[in-house]
Each structure stands twice: as C-alpha cells, then as structure tokens.
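Breakdown of the fold
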Amino acid sequence: MSVSTVSTNPLKVAVLVSGSGSNLQVLIDAMQAGSLPIEIVGVISNVKDAYAVTRAQQAGIATAVFSHITEGENAGKRMGIKTFERHASAQLNDWQPDLVVLAGFMRVLSDDFISSSPAPMINLHPSLLPKYKGLDTHQRVLQSSDVHHGCSVHVVTAELDAGQVLTQAMLAVDHSESAQALQARVQKLEHQVLPWTILLIAHGVLDIKATNEQTAATAYLPELPLKLWLDS
C-alpha cells in the first residue's frame, strides 16, 4: 500500500486476541456501520474461552482457536509458542489479510512468524511507548511522576513493544485514582485510536512498509507517531 494509491476495496483485516475483545467489538461495529472501510476476514484466539471469540461468531466472522492450554491426554500443559505459530501462520495464509491487528493478544511472537506473515502487523499497547513496555502499565504509571498516560499503536517486531510507533492517544494522569480507574479511561482512548489508525492505513496515509523512511511522498506529513489528545 502506498500513500498515492488507495484501494477502493475494503482493507482485509485479521485480528489476534486473548481476552474480552472490546477493541475487536469497536472494529466490528465500525465495519458494520460502514464508517471503517475494512472486512474482518477472521479472528484468531490463543484462549479457548475468550469472549472475543463469541463477539466474532455473533458477527458471523470466521474464528480459529489455538488454545495455549491443551486438552485431552495433555490437559493443562501449555501449548508451545512454535506450535501456536505454526497453526496461526497456516490460518493467516489461508485468509490472506492485508493487515494483522493484535488487540489484547497476550503472547510474544517470534521474528520468523512475523516475517512470514502475509501482511504487516500492528499492536495496541496501553502506554505511551517507548515508556512502560510489557505488563502492568497503569500501576507503573501511577507509581511514577508522569503527568500523561495513554496508549500506542505500533508495528509489531520480535522485540517486545519496540516497533515503530504509528499513533498515540493521551490523557492527563490523576494520581489519586486506582489502576482500574485509569485502565478504564485508557480503554476509552484505545477504542478511538485503533479504528482511527486503521482508517489512516486504509486510506494510505500511513504506509506501514515505509514507516522508517521519510520519502518525498510523505515528507509533508507530521513525523510519527501521530498524536491524539483526549481529556477523558
């Protein structure tokens, strides 16, 4: 996809999930309303009982579950990441998406899996990267002196939460609130910045394959990340 060429066809999106899928639901709602030019071609979960799978099935979207907890004679044993990646890679190659979105997906993927993907991958992370990579971001922010917090959408690489940041949404930190309350406020930002970012990708404003290159075609655009301030 280039900045100068925008397809009139919907962007085919595959989503990887592990949890409740609230961000997936936002994408489903935007797709169904016609406000986001995408077609969610499938959802992959590494958790059997993730509610995100139910959300996808209720919307008539294809799903594939490769649970990280095995059943049968190997019940309770954790599925190795290589086994998960083998199944997931085959499924993605079958669906042939234009974009793979990690939305609440809680496993670190290998460089081989990422490089062999049929499409670029982006991840939604609950912090203003490069700060607070990994887990427990809200609690860590509250234990700091930071005045701003938020979420980031970035390109997926083998290094945890280290890929090029595309977009960020920010809010003011209230250090008197709980981590749960801060998480709820950040989640409202997530529900806005993820579809906003995908819209920019669908319209060719963000070219993931060229994010590390400041070409003549994109020189007039602001440097990444694009930032959205929301006082939520």
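Residues numbered from 1 in each chain as written. Predicted model: local features only at pLDDT ≥ 70, side-chain atom pairs only at ≥ 80, totals over all residues. Heavy atoms only, no water.

So, the overall build of the protein
What the protein contains, in helices and strands, is six helices and eight strands. When the helices and strands of the protein are listed from N to C terminus, the series reads β-α-β-α-β-α-β-α-β-α-β-β-α-β. Long-range pairs, those at least 24 residues apart, make up 66% of the contacts in the protein with a sequence separation of at least 6. Accessible area of the protein: about 11,300 Å², with a carbon and sulfur share of 51%. (Helix = DSSP H or I, 4+ residues; strand = E, 2+ residues; numbered from the N terminus. Contact = heavy atoms within 4.5 Å. Areas by Shrake-Rupley, 256 points an atom, 1.4 Å probe, with all protein chains shown as cover.)

Things to note about the packing of aromatic side chains
A full pass over the atoms with the stated rule returns two aromatic pairs. In textbook terms, an aromatic cluster arises when at least three aromatic residues are bridged by ring pairs, as seen for F66, F84 and F105. (Phe/Tyr/Trp six-rings, centres within 6.5 Å; stacked < 30°, edge-to-face > 60°.)

Considerations on the environment of R140
With respect to the helices and strands, R140 occurs in helix α5 (residues 137-142). Of the residues examined, R140 reaches a relative accessible area of 30% and is grouped as partly exposed. Remark: the alpha-carbon pair of R140 and S127, spanning 13 residues in sequence, is separated by 9.9 Å. Not counting chain neighbours up to four residues away, the residues in contact with R140 comprise Y132, K133, G134 and L135. (Buried < 20%, exposed > 50% of the residue type's maximum accessible area, 1.4 Å probe, protein only.)

Regarding the pattern of salt bridges
This structure, assessed with the given rule, holds two salt bridges. One salt bridge in this structure joins D146 and K131, with 3.3 Å as the shortest N-O distance. Here K131 lies in the loop between β5 (121-125) and α5 and D146 lies in the loop between α5 and β6 (148-155), a separation of 15 residues in the sequence. (Salt bridge = Lys/Arg side-chain N within 4 Å of Asp/Glu carboxyl O.)

Considering the UniProt feature "binding site: N(1)-(5-phospho-beta-D-ribosyl)glycinamide" (unreviewed entry) in the protein
In the numbering used here, UniProt assigns the feature "binding site: N(1)-(5-phospho-beta-D-ribosyl)glycinamide" (unreviewed entry) to G21, S22 and N23. In this fold, S22 is placed in helix α1 (residues 22-33). Each residue touching S22, except ones within four places of it in the same chain, is listed here: R55, Q187 and H191. By secondary structure assignment, the location of N23 is in helix α1. Residues contacting N23, with those up to four places away along its chain left out, are A103, L124, E190, H191 and L194. (UniProt positions renumbered as here; feature names shortened; annotations may be inferred.)

Side note on the sheet that holds strand β3 (residues 63-65)
Read from one edge to the other, the open sheet built from eight strands follows the order β3-β2-β1-β4-β5-β6-β7-β8, with strand pairing classed as mixed. If you trace the sheet from one side to the other, it starts and ends with β3 and β8 (226-229), each paired once. The average angle at which neighbouring strand axes cross in this sheet is 20 degrees, direction not considered. The pairing of β6 with strand β7 (residues 165-172) spans seven bridges and is antiparallel. Following the sheet pairing, H148 is matched in β7 by A172. Against the sheet, α1 touches β1 (11-17), β2 (38-45) and β5, its axis set at about 155 degrees to β2. Contacts from helix α2 (residues 51-58) reach β1, β2 and β3 within the one sheet, and its direction differs from that of β3 by about 155 degrees. (Pairing = 2+ DSSP bridges. Axes fitted to C-alpha atoms, helices over the stretch in contact; angles between N-to-C directions.)

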